[in-house]
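Structural overview
Now for the letters of each chain:
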Amino acid sequence: MVFKKMLSAFGVGGPSVDTVLTNPNTRPGLTLDGQVNLVGGDAEAAIEQVVIGLVTRVEVEGHDTEYAGTMEFHRMAVSGPLQLAPKQQLSIPFQLPVPWETPITDVYGQRLHGMTMGLRTELAIARAVDKSDLDQVAVHPLPVHERILEAFQRLGFRFKHADLERGHIRGVQQTLPFYQEIEFFASPQYANSINEVELTFVTSQRGVEVILECDKRGGFLSAGHDAFGRYQVAHTDADRVDWAQVVDGWLRETTSRYGSLRSQYGPSHGHGRGHGMGGMVAGAALGVAGGMVAGEMIEDAFEGDFGDFGGDE
């Protein structure tokens, strides 16, 4: 599948950039392959660099406020300085590694409601403002992600919503400055004890840390509260176990161990997860990644039906 969009980067008579993805579908730990095609304008242009980057929408919680903005979380230069002659055509191939922690946007071929992901191409020209081209990207689950999501469905949980929260989960090694929350309505067999469940995957080359946050119902003499569980699985376990049985065990263990897990995670923001920026990993490898622009929403660039799995009720 070829995903193609033309953009006249600098107006009439200026250079243009045409980013072509060999396939816009990928998975964490794989790559996005394609090429950036440049066409010179009416005059010679001094291109300072050509950069591609993955961008997504992230929720940010502040002092009694919450807002969403776009964040570029992974970028790579595909070309340094070059001279582009009038009408010259130049193709620059690229292979962009997709970080292991990249959030999932599509399951069973359907976009998760609340998720957006794009590949942005920046063409920087001397004495001109950077211009960008945005192409939609679909990140599909790895086998172990898919088995766990299937298990929730087999247990009767209904998908509600997915989003990205800026911050760091205490005690979990993260390389990206946000984490994904996939929310489910509780199934009937758990409805007397759980309202909703939030599922987070923190993936690495070795395996996946699974974090569960269960919104527990209150009783006659007790208030409701959140209960947390954290479990590690290997990629090689994907087809070795009965995941419905495993997830059921996780849920029962998580909801019965509220006290010890509460002390392990701490009461930050009532979620038991640290949102402090000091806990995030920024590092030189991210370059300028992590920059937020409030209100610069990218879902307008993406069209299409989210499907049944993406519906929120």
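Not measured: the values here are computed from a predicted model. Every residue gets a number counted from 1 within its own chain, in the order that chain's sequence is written. For this predicted model, a pLDDT threshold of at least 70 governs which residues receive local features, and a threshold of 80 or more governs which side-chain atom pairs are given and counted, while totals over whole chains, interfaces and linings are taken from all residues. Side-chain descriptors were evaluated using all non-hydrogen atoms of the structure, hydrogens and water having been removed beforehand.

To qualify as a nonpolar core, a set must consist of buried Ala, Val, Leu, Ile, Met, Phe, Trp, Tyr and Cys residues joined through side-chain atoms within 4.5 Å. The classification of residues rests on relative accessible area computed with a 1.4 Å probe and restricted to protein chains. Under 20% of the type maximum is buried, over 50% is exposed, and intermediate values are partly exposed. Counting 62 residues, the largest nonpolar core has Ile148, Phe152 and Leu199 as the members making the most contacts within it. When neighbours within four sequence positions are excluded, Ile148 is seen to be in contact with Leu199, Phe201, Val210, Trp243, Val247 and Trp250. Core analysis: the next-biggest nonpolar cluster, separate from the first, contains 5 residues, Ile169, Tyr179, Val202 and Ile211 among them. Residue contacts are counted whenever heavy atoms from the two residues lie within 4.5 Å of one another.

Turning our eyes to something else, we now look at helix α1 (residues 143-154). Here α1 is 12 residues long and its end C-alpha atoms lie 16 Å apart, about the 16 Å a rise of 1.5 Å per residue gives. Helix and strand assignments follow DSSP, with helices taken as H or I runs no shorter than four residues and strands as E runs no shorter than two, numbered in order from the N terminus. Turning to α1, its buried residues number three or more, namely Val144, His145, Ile148, Leu149, Ala151 and Phe152. Summarising the axial view, the buried residues of α1 lie within an arc of 150 degrees, below the 170-degree limit, and thus occupy one face. Each residue after the first adds 1.5 Å to the expected span of a helix. It is the directions from the helix axis to the C-beta atoms whose arc is reported.

To continue, consider the packing of aromatic side chains. Ring geometry is summarised as follows: Phe, Tyr and Trp rings, the Trp one being its six-membered ring, pair when their centres sit within 6.5 Å, and such pairs are stacked at plane angles under 30 degrees, edge-to-face over 60 and tilted between the two. With the rule as written, the count across this model stands at 8 aromatic pairs. Seen in terms of ring centroids, Phe152 and Phe157 are 5.2 Å apart; in terms of plane orientation they differ by 75 degrees. Their pairing is edge-to-face. Overall, Phe152 belongs to the buried group, its relative accessible area being 0%. Judged by its relative accessible area of 3%, Phe157 falls in the buried class. Where Phe152 meets Phe184, the ring centres are 4.8 Å apart and the plane angle is 5 degrees; that geometry is what we call stacked. Remark: Phe184 occurs in strand β15 (residues 178-185) and Phe152 occurs in helix α1; sequence separation between them is 32 residues.

Turning our attention to the pattern of salt bridges. Put simply, a salt bridge is a Lys or Arg side-chain nitrogen that is within 4 Å of an Asp or Glu carboxyl oxygen. Under the counting rule described, the total for this entry stands at 13 salt bridges. Between Asp248 and Arg252 there is a salt bridge, with the nearest N and O atoms lying 3.0 Å from each other. One end of the pair, Asp248, and the other, Arg252, are both in helix α2 (residues 243-256), 4 residues apart, so they sit about a helical turn from each other.

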